[in-house]
Amino acid sequence: MKTLQEVQNDIVEEFSMYDEWLDKYEYLIDLGKNLEPFPDELKTDDRLIKGCQSRVWLDTRAEGENLFFRADSDAIITKGIISLLVGVYSGRTAREIADDDFSFVERLGLRENLSPTRSNGLASMIATIRETAKKHC
Amino acid sequence: MVEVEKIRKEFPELGETVYGKPLVYLDNAATSQRPLSVIRKWTELSTKYNANLHRAVHHIADIATTEYEQTRDAVRAYLNADSREEIIFTSGATAALNLVAYSFGEAFLNPGDDIIVSEAEHHSNIVPWQLLCDRKGARLKVLPVDDSGHLRLDLLPDLLTPRTKLLSVAHISNVLGLINPIKEIVNICHSNNCAVLADGAQGIVHERVDVQDLGCDFYVFSGHKVYAAPGTGVLYGRREWLEQMPPFLSGGEMIGTVRWSGTTFAPLPQKFEAGTQNMAGIPTLRAALQMADEMRNTRTEAALNEVKEFILNALLSNPKIHLFGNPVSSEEKIPLFSFSVEHCHHEDLALILDKMGIAVRSGQMCAEPLMDRFGVTGMVRASFAPYNTLEEAKYFIKSLDRAINMLEG
Ligand SMILES: Cc1ncc(COP(=O)(O)O)c(C=O)c1O
C-alpha cells in the first residue's frame, strides 16, 4: 500500500498536468460526478460542514484504527474537491490523518484557483477531517 | 456606443483585468463602481478640507460644513422633497431602516399593532422590523409575491387592519428587479392610515425618484450603490413623522442643551445625526447623483434598454434557465437578472464565470425568505449598470452557455 505521502504526491502530479484553470475545473467536475453516491438519509445537519457557500456533508466511519470518509455537496466543483480529500484520507489511520500537515492542498494550488469564499469552504473541510481524526486517536 | 465608452473612462475600476482578462463587472446591485468625480471629491475633502462639521469656526471646517450642507440641498432637490429638514444623512440604507424601525416604532407602535413587509425584502428590511415587533409585542405580517415575482396587491386590503401602522417595501427588489407600484401601494395604505416606507437601495439607481410624486412617508437608500462613497446613505422622511419621532442614536451634534437635569434635542435634521458624520463621503452623493442623471440623460437609456432586452430574451429563450422576477412588460424590469439553471449549482456557475473575468453574485442575496418561497438554496444574479456594454452582455451570455456545458458535459 502506498504511503499517505505517496498518494498525495500522485494527486499533485496529476493535477499539475493541467495548465489551464478551465481544465483543472473540468477535472474537478469529473471527479465530483464520479464520487461514490451518498445516501440521502446521511444528509443530516450534524454531517453538514459549516463555512461553505454550498452545502457539504461528511460522513465518517471507523473500522479499528482506520477512518473511512464519504462526502457529498450540492455544488459539483466543491464535490470534486471533497473527492480529492476523501480519496487521499479515506482508509488511513486516525493517527496518520491527525499528524498530516495537509500541505498537499497548498501544493495543488487550489487556493489560487478558487475564489476566497471557496477557500473558506476548503479550510472548513480540512478542519473537519482533521478534528474528526483527532477525536478518533 | 461612443457615449458608453466615454462614460466607462470615468470609472477607473472598469479598466481593470482579472486573471488576465478584462473585468466584466455585473455585480452592480451589490455595489456600483465609482466615477472620478466622486473619487476626486472624496480625496479633496480628505486631503484639503478634513475637519469636523458644524463645530468650529476655522476656515477648513467651514468649507467641509458647507460641502456637507450643500449636499443636503442637492439631495433634497434630486428627490424633490419638500424641505431640507426632511433629508437625514446616514451610513447607508441599513442604518436608515434601523433608524425608522426604532424611532417610528418608539413613537407609534403599541402592543397588538402590526407592521407589513413583503416577501421579497432584503434582510435589512426584515430584521429591524422583526426586532421592533419582538420588543413591542407587535406582529410582523408578510405580503406575498406570486410565482412571477409580482407583489400580491390583491391581498393587501385584507392584510391592512386599523392596527397596521406601517408597510415597508422595496421600491425595486434586489433579487427580482421588478419596479413595485409604490404609488398604488401608498394609495391603498394611506386610505387605511398606514404609513409607507420605500426601500430605495435599488430604486434610486434605476428610477428618477420624486418622493412627493411617489407619496411615500419614508424613502431610504445607500450611496455606494448609486456611485457615491461607501458609508453614505439617505433617509427621506416626511416632516410630520420626523418631528414626532424620538432620536435614534444620541450624543454629540444632535442636542440642544445638555444639563444633568435633562437634555433637549437639536431640531431636524441634526436630531437624527448624532456623532461625527462621514464628512468626506457624504458630499460625494452630489457628484454621484449628477453622474446618475448624466448617464440617464445622455446615454443612453436607449443603450441600456438594448442590453436589458438582449439579456431578457436570451435568458427567457433558454429552457434550462429559470428567471425569477418575470416582467409582464420589460418597462417594469430593471437590468437585474436572478436565475437558476437546471442541474447547475449557482456557486459552480459563479465560480466558472469568475474565471472568465465576469463578476456576478451567487447565493441567497440577503433574501433567505424569498429563496425559501421559490424553493431554492440560492440563485445567480447579473446586475447591469449604464456603463455596461452590449458586448459585455453578449460575452456574459456566451460564457454562461459555456459554463452550463462544462457542468452538464
Ligand atoms: C433592496 C435593498 N435593501 C437594502 C439593502 C442594504 O443596503 P446596505 O447594505 O448598503 O445598507 C440592499 C443592499 O444590498 C438592498 O439591495
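Residues numbered from 1 in each chain as written. Chains lettered and ligands numbered in written order. Predicted model: local features only at pLDDT ≥ 70, side-chain atom pairs only at ≥ 80, totals over all residues. Heavy atoms only, no water.

**Q** Break down a negative patch on the surface for me, citing the residues and quoting the values.
**A** On the surface, Asp-19, Glu-20, Asp-23, Glu-26 and Asp-30 of chain A cluster together into a negatively charged patch. The residue Glu-20 of chain A is located in the loop between helix 1 (4-16) and helix 2 (21-33) in this model. (Patch = residues over 30% accessible without salt bridge, like charges linked within 9 Å, V, L, I, M, F, W, Y side chains within 5 Å. Areas by Shrake-Rupley, 256 points an atom, 1.4 Å probe, with all protein chains shown as cover. Salt bridge = Lys/Arg side-chain N within 4 Å of Asp/Glu carboxyl O. Lys, Arg positive; Asp, Glu negative; His and termini not counted. Charge placed at Lys NZ, Arg CZ, Asp CG, Glu CD. Helix = DSSP H or I, 4+ residues; strand = E, 2+ residues; numbered from the N terminus.)

**Q** Please give an account of the packing of aromatic side chains that cites residues and values.
**A** All names here are of chain B. Taken as a whole and judged by the stated rule, the model has 18 aromatic pairs over all chains. On the numbers, 5.5 Å between centres and 40 degrees between planes, the contact of Tyr-102 with Phe-248 is tilted. On the criterion of sequence distance, the pair formed by Tyr-102 in helix 4 (residues 93-108) and Phe-248 in the loop between helix 10 (239-244) and strand 11 (255-259) is long-range, its members being 146 residues apart. Tyr-102 sits in the partly exposed class, given a relative accessible area of 29%. Accessibility expressed as a relative area gives 30% for Phe-248, which makes it partly exposed. Centroid distance Phe-108 to Trp-241: 5.0 Å. Interplanar angle 85 degrees. Geometry classified as edge-to-face. In this pair, Phe-108 is assigned in helix 4 and Trp-241 in helix 10, connecting sequence segments 133 residues apart. (Phe/Tyr/Trp six-rings, centres within 6.5 Å; stacked < 30°, edge-to-face > 60°. Buried < 20%, exposed > 50% of the residue type's maximum accessible area, 1.4 Å probe, protein only.)

**Q** I'd love a proper account of the pairing of strand 1 (residues 56-63) of chain A, names of residues and values included.
**A** Residue and element names in this part refer to chain A. Pairing analysis gives 8 bridges linking strand 1 to strand 2 (residues 66-73), with the strands arranged antiparallel. Directly across from Leu-58, in strand 2, lies its bridge partner Ala-71. Here strand 1 folds back onto strand 2, and the loop between the two strands holds 2 residues, one of which, Gly-64, carries a positive phi near 60 degrees. (Pairing = 2+ DSSP bridges.)

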